[in-house]
Amino acid sequence: MAGKMLRASLREISAALKKGHVSSTELCQKCLSLIKTTKFLNAYITVTEDTALNQAQASEERYRQGQPLGDLDGVPVAVKDNFSTAGIETTCASKMLKGYIPPYNATVVQKLLDQGAVLLGKTNLDEFAMGSGSTDGAFGPVRNPWSYSRQYREKCAPTSCAQHEDTSWLITGGSSGGSAAAVSSFTCFAALGSDSGGSTRNPASLCGVVGLKPTYGLISRYGLIPLVNSMDVPGILTRCVEDAAAVLGVLGGHDPKDSTTVQDPFCQFQLPNVIDMKNFCIGVPKEYNAPGLSSEILAMWSKAADLFEKAGAKVMEVSLPHTAHSIVCYHVLCAADVASNMARFDGLEYGHCSSADQSTEALIAATRREGLNDVVRGRILSGNYFLLKQNYDNYFIKAQKVRRLIATDFAKVFRSGVDILLTPTTLNQAMSYQEFIKEDNRTRSAQDDIFTQAANMAGLPAVSIPAALSGEGLPIGLQFIGRAFHELQLLTVARWFEKQVQFPVLDLEGIMDPLDSVSHQEKSAFFS
Ligand code: GLN
């Protein structure tokens, strides 16, 4: 029963807490216990056991007095380790920030806590959120829970047992791989990721969960350690669309501490239960049939388009002609921002400080060599190159112009009557770590984001939804992209699709069994 309890959606668990079928403390303990059982996934960098239990107790008290703070009261959540958390180490998976304890909470973290959510810990990522594998952090790679699923093991010869120190397990995608793994392995009910080029949607797709990147400006970035300032958005990872909408309802809205959040009042929204597809026009961008797209994902994508058509939606092929330039454009803009954002990590003001003492320059160089991995240092180097006086127009300004063309492509398509774009999220299903490390991660991650980066450059909302299992029993996600600030419409369509596909629940047999076996302690009416 405990296993079943942890597999509940956020809505279900919130209802169970309200009805008293489970207490906040019991629930928190179950999650902490599963985090221990699944430690080999390396999803968490820090588990805040004591504070979580204190928060859970306070929540339990509020329920006892009939005064829960909101729908998230007592719900265990996790936060990517690039969001500042007061009194809790925030590392960005980098040696540079090891031991850094922020004095304040990111606005989104504060909003979760204000609703009574229980923070279980900080999740693993690629260093400073640069990557698409969650393989490049200072605390080791994250393992995809589907590596250990019954579904995958039945199709493919079991690669390894959870405890084995081999490299045949599957990667989670990234850079919010820790959050995706935490949600998909049932250790929490929702998690925050960040999304500058796809970091929420990519791991959501490979781990079989929902990954929402809201419109730029809808949610505060205050306290999110920046990657690409003009593209960064906090992302939401949940096990179903309705849950993503619920968390968005808590997080959205203007923040005086982030001047890029819009002033308009944010209305919480309820997704409609009955959805008539006849009212929607779905666009299928032909350029997204890109080189390297797996035939299985291509087939799934076209099946999804048929599904919409059969339900009465208007489905039309559209063109986003500048798609092919989005990767290069993103990387120039990203590197330029990284070069300036990382300037503060010099060993003098923030973070790690080397013991080199020959000169200030030598100290800074040694600090960065010791504190940052080669992906981060590579981006600092290229960013500074793009920003050199003689290169600025040819790289940075040109990339900004291309970014405008990419945004205009979307604007034209939406003006032509398309409501939502339907695309793949990733080129492939999750690959093994063994296979992943054969190639230079920088090249690979650049290719992997082909379908996700354009939405960041245009500031549009996008969501990845688990669509099907591949022949090997692994999740395949599809992406929906909507008009700016039309999250309600986007999630309405996504929810309709989710209902049609009935994506199977991850079966972590053998791993969740110990939890299932304590079923006698649970109230049998848990879901009633
Ligand atoms: N994979 C992309 C990168 O490495 C996107 C990262 C992100 O969205 N945080 O830059």
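All of these numbers come straight from a predicted model, not from anything done at the bench.

Draft legend 1. The overall build of the protein, seen in detail. Along the protein, the regular secondary structure elements total 19 helices and eleven strands. In terms of its C-alpha atoms, the protein occupies a principal-axis envelope of roughly 70 × 60 × 50 Å. At a minimum sequence separation of 6, the contacts of the protein that also span at least 24 residues come to 79%. As displayed, the protein has an accessible area near 20000 Å², and 52% of this comes from carbon and sulfur atoms.

Draft legend 2. Region of interest: the pattern of salt bridges. For the structure on display, the rule yields 15 salt bridges. As a salt-bridge pair, D419 and R483 come within 3.3 Å of each other at their nearest N and O atoms. Here D419, found in the loop between α14 (393-415) and β9 (420-424), pairs with R483, found in the loop between β11 (475-481) and α18 (487-501); they are 64 residues apart in sequence, far enough to count as distant. We classify R483 as partly exposed; its relative accessible area is 22%. Three or more residues are tied together by salt bridges with common partners; here these are R11, K18, D71, E242 and R495.

Draft legend 3. Up close: unusual backbone geometry. Looking along the chain, the bond that leaves G174 and enters S175 is cis, with omega of 15°. Secondary-structure assignment places S175 in the loop between α6 (150-155) and α7 (177-184). The backbone phi angle of A129 is positive, close to 65°, even though this residue is not glycine. As for its position among the elements, A129 is in the loop between β3 (118-123) and α6. Overall, the relative accessible area of 6% leaves A129 in the buried class. Notably, Q502 is not glycine yet its phi reads approximately 45°, a positive angle. Note that Q502 resides in the loop between α18 and α19 (513-516).

Draft legend 4. View of helix α10 (residues 295-310). End to end, α10 covers 22 Å across 16 residues, agreeing with the expected 22 Å (1.5 Å per residue, within 8%). Of the positions making up α10, those classed as buried are I297, M300, W301, A304, A305 and F308. Taken down its axis, α10 places every buried residue within 140° of arc, on the same side. The exposed set on the far side of α10, more than 90 degrees from its buried face, consists of S295, K303 and K310.

Draft legend 5. Representation of the site of the ligand within the structure. The full set close to the ligand counts 14 residues, and G197, S199, Y330, R379 and D449 are the nearest of them. Within the side chain of S199, one N or O atom sits 2.7 Å away from a nitrogen atom of the ligand. Measuring from a nitrogen atom of the ligand, one finds a side-chain N or O atom of D449 at 2.5 Å. A class-by-class count of the residues in the shell around the ligand yields four nonpolar, seven polar and three charged.

Criteria and thresholds
Residues numbered from 1 in each chain as written. Predicted model: local features only at pLDDT ≥ 70, side-chain atom pairs only at ≥ 80, totals over all residues. Heavy atoms only, no water. Helix = DSSP H or I, 4+ residues; strand = E, 2+ residues; numbered from the N terminus. Contact = heavy atoms within 4.5 Å. Areas by Shrake-Rupley, 256 points an atom, 1.4 Å probe, with all protein chains shown as cover. Salt bridge = Lys/Arg side-chain N within 4 Å of Asp/Glu carboxyl O. Buried < 20%, exposed > 50% of the residue type's maximum accessible area, 1.4 Å probe, protein only. Expected span 1.5 Å × (residues − 1). Arc of directions from axis to C-beta. Near = heavy atom within 4 Å. Polar contact = N/O pair within 3.5 Å; in protein donor to acceptor, adjacent residues only side chain to side chain. Nonpolar A, V, L, I, M, F, W, Y, C, P; charged D, E, K, R; others polar.

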